[in-house]
Number of protein chains: 2
Amino acid sequence: MTEQHRPDADPAALEEENEYDPTASSLKGAVDPAVMEELLSIRSSIDNFDATLVYLLAERFKVTQRVGWLKAKHQLPPADPAREAAQIARLRRLAEEANLDPAFAEKFLNFIISEVIRHHQAISEDHQARQGDGSIEAPREAPTANQG
Amino acid sequence: MTEQHRPDADPAALEEENEYDPTASSLKGAVDPAVMEELLSIRSSIDNFDATLVYLLAERFKVTQRVGWLKAKHQLPPADPAREAAQIARLRRLAEEANLDPAFAEKFLNFIISEVIRHHQAISEDHQARQGDGSIEAPREAPTANQG
């Protein structure tokens with residue numbers, strides 16, 4: 001947080017500095033105003049989708065984190081190839097129904113999984129460090145996750 | 001579609017073959033049944049999130065496709081650095097609010113943008129090919145998109 005590093009700065013100024021400008025564009029002044037208006041209208045929908053995606057992904061990671069704890073507690077392997085194959089086949093089918101490129105849907109799932117696996121190491125190490133004190137039910141608040 | 005390549009196959013058998021098994025797991029039989037039950041319960045939430053993500057991404061790409069058409073029609077450049085910088089700063093802030101790693105949110109946006117740019121070439125080429133017949137309002141049904 002910027003505020004923590006600049007305790008003397010004016011909070012109102014910082015607020016303004018951090019404020020999102022939905023009209024930010026390198027095209028300003030170089031485009032017909034009516035075209036720019038249409039572009040900004042479409043972009044406001046994109047912004048809404050992106051906020052939804054961020055909150056949805058945050059929630060998905062909370063859930064995979066639960067899988068991580070469960071797997072660490074019961075010494076289960078992080079990867080589950082049969083599960084992953086079923087997930088990919090399902091997502092490709094859903095993508096076709098949604099008129100989304102199935103190859104992109106698969107790439108997307110792999111992107112998420114790679115992030116989850118990157119975090120998994122932390123949860124596993126954390127569990128090993130805590131095994132002596134019986135506190136696996138209350139793991140630290142670290143960004144951790146698991147494939148699921 | 002499998003059906004298109006195997007017209008003689010039994011539709012019911014194909015249906016079954018394509019069916020998603022939410023219990024698919026390489027851990028079957030190697031895990032305590034109560035643990036497996038808990039794992040499957042969490043996984044059913046992950047599956048719901050993934051379906052939502054696929055449909056949401058499909059809708060987001062429909063919207064960026066509109067930006068692509070607009071930019072092609074008015075000969076606007078595909079990239080808009082000021083817009084991208086504002087998007088990234090906003091998503092990082094939203095990620096912090098959602099307790100999601102801001103670096104992951106930025107990587108995620110870049111992942112989406114790279115897909116959009118990959119498709120953008122097609123929309124631009126398509127427009128150039130159609131410029132003579134005035135049909136830009138009704139572009140072909142190809143997987144196209146634009147950064148936005």
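My aim in this report is to walk through the structure given alongside it, one point at a time. Bear in mind the structure is a predicted one, so any value in this text is a computation, not a measurement. (Residues numbered from 1 in each chain as written. Chains lettered and ligands numbered in written order. Predicted model: local features only at pLDDT ≥ 70, side-chain atom pairs only at ≥ 80, totals over all residues. Heavy atoms only, no water.)

### Let's talk about the relation of the copies chain B and chain A
Item 1. In the superposition of chain B on chain A (RMSD 0.0 Å, axial shift 0.0 Å), the rotation amounts to 180°. The operation mapping one copy onto its partner corresponds to a two-fold rotation axis. When C-alpha positions in chain B are compared against the rotation axis, the closest is assigned to L53 of chain B, at 3.6 Å.
Item 2. Interface residue correspondence from chain B to chain A reaches 100%, placing this contact among same-surface, isologous pairings. (Least-squares fit on C-alpha atoms with pLDDT ≥ 70 in both. Contact = heavy atoms within 4.5 Å.)

### What about the packing of aromatic side chains?
Item 1. Within this structure, the stated rule accounts for 8 aromatic pairs over all chains.
Item 2. Summarising the aromatic geometry, the rings of F61 of chain A and F104 of chain B are spaced 5.0 Å apart at their centres and angled 85° between planes, so their arrangement reads as edge-to-face. Here F61 of chain A is found in helix α3 (residues 33-73), whereas its partner F104 of chain B is found in helix α5 (residues 102-130) on a different chain. With respect to class, F61 of chain A is no different from F104 of chain B; both count as buried.
Item 3. Taking 6.5 Å as the distance between ring centres and 40° as the angle between the ring planes, the aromatic pair formed by F108 of chain A and F111 of chain B counts as tilted. With one member in each of two chains, F108 of chain A in helix α5 (residues 102-130) and F111 of chain B in helix α5 form a pair that bridges those chains. Judged on exposure class, the residue F108 of chain A and its partner F111 of chain B are both buried.
Item 4. Grouping aromatic residues by their ring pairs yields a cluster made of F61, F104, F108 and F111 of chain A together with F61, F104, F108 and F111 of chain B.
Item 5. The ring centre of Y20 of chain A lies 5.2 Å from the NZ or CZ of R90 of chain B, which sits over that ring. (Phe/Tyr/Trp six-rings, centres within 6.5 Å; stacked < 30°, edge-to-face > 60°. Helix = DSSP H or I, 4+ residues; strand = E, 2+ residues; numbered from the N terminus. Buried < 20%, exposed > 50% of the residue type's maximum accessible area, 1.4 Å probe, protein only. Lys NZ or Arg CZ within 6 Å of the ring centre and 35° of its normal.)

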